[in-house]
Amino acid sequence: MSRALPKYNKRRVVMIGGAAAVVLSGAVIAGNALAGETSKSGTQNATTKAASPGTVNCPAVAPSLPAIPASAKAEVDRNLTLLNTQISEANKRLVDTVGQGGPNFIQNAILGPLKDKRVATINRIATAIGRTAAKPQGLDSLAPCTLNAVGGAAAATPPATASASAAATAGGGTGTASGSTAAGTISCPDVASKLPAIPASAKAEVDRNLALLNTQISEANTRLANTVGQGGPNFVQNAILGPLKDKRVSTIDRIAISIGRTAAKPQGLDSLATCTLNK
């Protein structure tokens, strides 16, 4: 019996050693797996951060306003709130469209339309104040906004711009000619024919804004021809027709206000602001 004991002890040592090896192997595998998950998570976080589109930064309007008459305060406050809403919507769209369009997509489809909306809103603020006090001047300079880029996203823009420029140059005159043909033209409802009798005191301002409506259409057609092939399927609507509508809303509103100073203000003219693309 005394001779069998060492063999038993020997087997027990072997079994304990094997079990320890299994436990150690399991710990190593678990450690490697955890390290892999940590590394993978870190990589995903880094990728997400690198893809962050940044945020829109706009000049504050309220500090640049003069004393606001009591009769205009509600309208001014409503439009100041609208300016903040417009920025929030632009930031949301910035996130939702990451990776879409070409190198000028953000300027054409987000910052450009945002500027047009701000011009119209700021103009309404100035008009509201100007009804009972001196109308503030120069507020339009507060309309343009910029992009605060995050991470490496902004650094990628110059090479993309250079590539796009090189591709356009390689296309030569034939590409430009075929692009102009494919662009189509913009068609907008006629405003002048929908106006009532225009008071003599408003005629100059009305004529000036009617001419501006024609200028806006011409500029939009030029931009249509110059941006053929840019952006996604909604590029024309987002970057050209949408901003044009915002400009027309503001211009048509000035026409109605001008007439309304000495006669009944025409209603429903905003329905004439929307334009369409004729292919």
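Residues numbered from 1 in each chain as written. Predicted model: local features only at pLDDT ≥ 70, side-chain atom pairs only at ≥ 80, totals over all residues. Heavy atoms only, no water.

## What to know about the environment of Glu-89
Examined against the element boundaries, Glu-89 turns out to sit in helix H2 (residues 73-96). When its relative accessible area of 45% is taken as the criterion, Glu-89 is described as partly exposed. As for Glu-89 and Ile-110, which are separated by 21 residues in sequence, their C-alpha atoms are 9.5 Å apart. (Helix = DSSP H or I, 4+ residues; strand = E, 2+ residues; numbered from the N terminus. Buried < 20%, exposed > 50% of the residue type's maximum accessible area, 1.4 Å probe, protein only.)

## Some remarks on the state of the cysteines
Counted by the stated rule, this structure contains two disulfides. The disulfide partner of Cys-58 is Cys-145, and the gap between their sulfur atoms is 2.0 Å. Between Cys-58 and Cys-145, the disulfide has an S-S torsion of 110° and is therefore right-handed. Of the two residues, Cys-58 sits in the loop between strand S1 (55-57) and H2 while Cys-145 sits in the loop between helix H3 (105-130) and strand S2 (146-148), which places them 87 residues apart along the sequence. Residues Cys-58 and Cys-145 agree in their burial class; the two are buried. A disulfide bridge connects Cys-188 with Cys-275, and the sulfur atoms are separated by 2.0 Å. Because the sign of the S-S torsion sets the handedness, a value of about 110° for the bond joining Cys-188 and Cys-275 places this disulfide among the right-handed ones. Taken together, the residues span a long stretch of sequence, with Cys-188 in the loop between strand S3 (185-187) and helix H5 (203-226) and Cys-275 in the loop between helix H6 (235-260) and strand S4 (276-278) at a distance of 87 residues. Classification of Cys-188 as buried rests on a relative accessible area of 18%. (Disulfide = S-S within 2.5 Å.)

## Quick look at the nonpolar core
Residues Val-61, Leu-65, Val-76, Leu-80, Ile-122 and Ile-125 are the most contacted members of the largest nonpolar core, which totals 14 residues. Mapped onto this core, the elements with two or more residues apiece are H2 and H3. For this core, the element with the highest residue contribution is H3, accounting for five residues. Sequence-distant contacts of Ile-125, defined by excluding residues within four places in its chain, comprise Leu-65, Val-76, Asn-79, Leu-80 and Leu-83. Counting residues in hydrophobic clusters, the runner-up holds 13 residues, among them Leu-195, Val-206, Ile-252 and Ile-259. (Core = buried A, V, L, I, M, F, W, Y, C linked by side-chain atoms within 4.5 Å. Contact = heavy atoms within 4.5 Å.)

## A short note on H3
Taking 1.5 Å of rise per residue, 26 residues should cover 38 Å, and H3 covers 36 Å from first to last C-alpha, within 8% of that figure. Leu-111 marks where H3 bends most, by close to 30°; the proline Pro-113 follows one to four residues later. (Expected span 1.5 Å × (residues − 1). Bend = angle between axes of the 7 residues up to and from the residue.)

## Quick word on the confidence of the model for the chain
Averaged over all residues, the pLDDT of the chain equals 75, while 69% of them reach at least 70. For the chain, the element scoring lowest by mean pLDDT is helix H4 (residues 157-183), at 33; H6 scores highest, at 93. Of the regions scoring below 50 in pLDDT, residues 19-50 engages in two contacts with residues more than four places distant in sequence or in other chains. In the predicted structure, residues 151-181 sits below a pLDDT of 50 and forms 10 contacts with residues beyond four places in sequence or in another chain. (pLDDT = per-residue confidence, 0-100.)

## Quick look at the packing of H2 against H3
Two elements in contact, H2 and H3, have axes separated by 9 Å at closest approach and are oriented at 175°. Comparing their axes, H3 and H2 come out roughly antiparallel. Contact residues: H2 offers Glu-75, Val-76, Asn-79, Leu-80, Leu-82, Leu-83, Gln-86, Ile-87, Glu-89, Ala-90, Arg-93 and Leu-94, while H3 offers Ile-106, Ala-109, Ile-110, Leu-114, Lys-117, Arg-118, Thr-121, Ile-122, Arg-124, Ile-125, Ala-128 and Ile-129. In terms of residue class, the contact of H2 with H3 is built from 15 nonpolar, three polar and six charged. (Axes fitted to C-alpha atoms, helices over the stretch in contact; angles between N-to-C directions. Parallel < 35°, antiparallel > 145°, perpendicular 65-115°, else oblique. Nonpolar A, V, L, I, M, F, W, Y, C, P; charged D, E, K, R; others polar.)

## Some points on the pattern of salt bridges
Across all of its chains, the model carries five salt bridges by this definition. Its salt-bridge partner being Lys-92, residue Asp-96 comes within 2.8 Å of it at the nearest N-O pair. A residue pair is termed a helical-turn pair when its members lie 3 or 4 positions apart in one helix, as Asp-96 and Lys-92 do in helix H2 at four residues. Residue class for Asp-96 comes out partly exposed when judged on its relative accessible area of 47%. Note on Lys-92: relative accessible area 54%, which makes it exposed. In this structure, the salt-bridge partner of Arg-261 is Glu-205, at a minimum N-O distance of 3.2 Å. Highlighted residues: Arg-261 in the loop between H6 and S4 and Glu-205 in helix H5, separated in sequence by 56 residues. (Salt bridge = Lys/Arg side-chain N within 4 Å of Asp/Glu carboxyl O.)

## With respect to the side chain of Thr-121
Structurally, Thr-121 can be placed in helix H3. When sequence neighbours within four positions are dropped, the list of residues in contact with Thr-121 reads Asn-79, Leu-82, Leu-83 and Gln-86.

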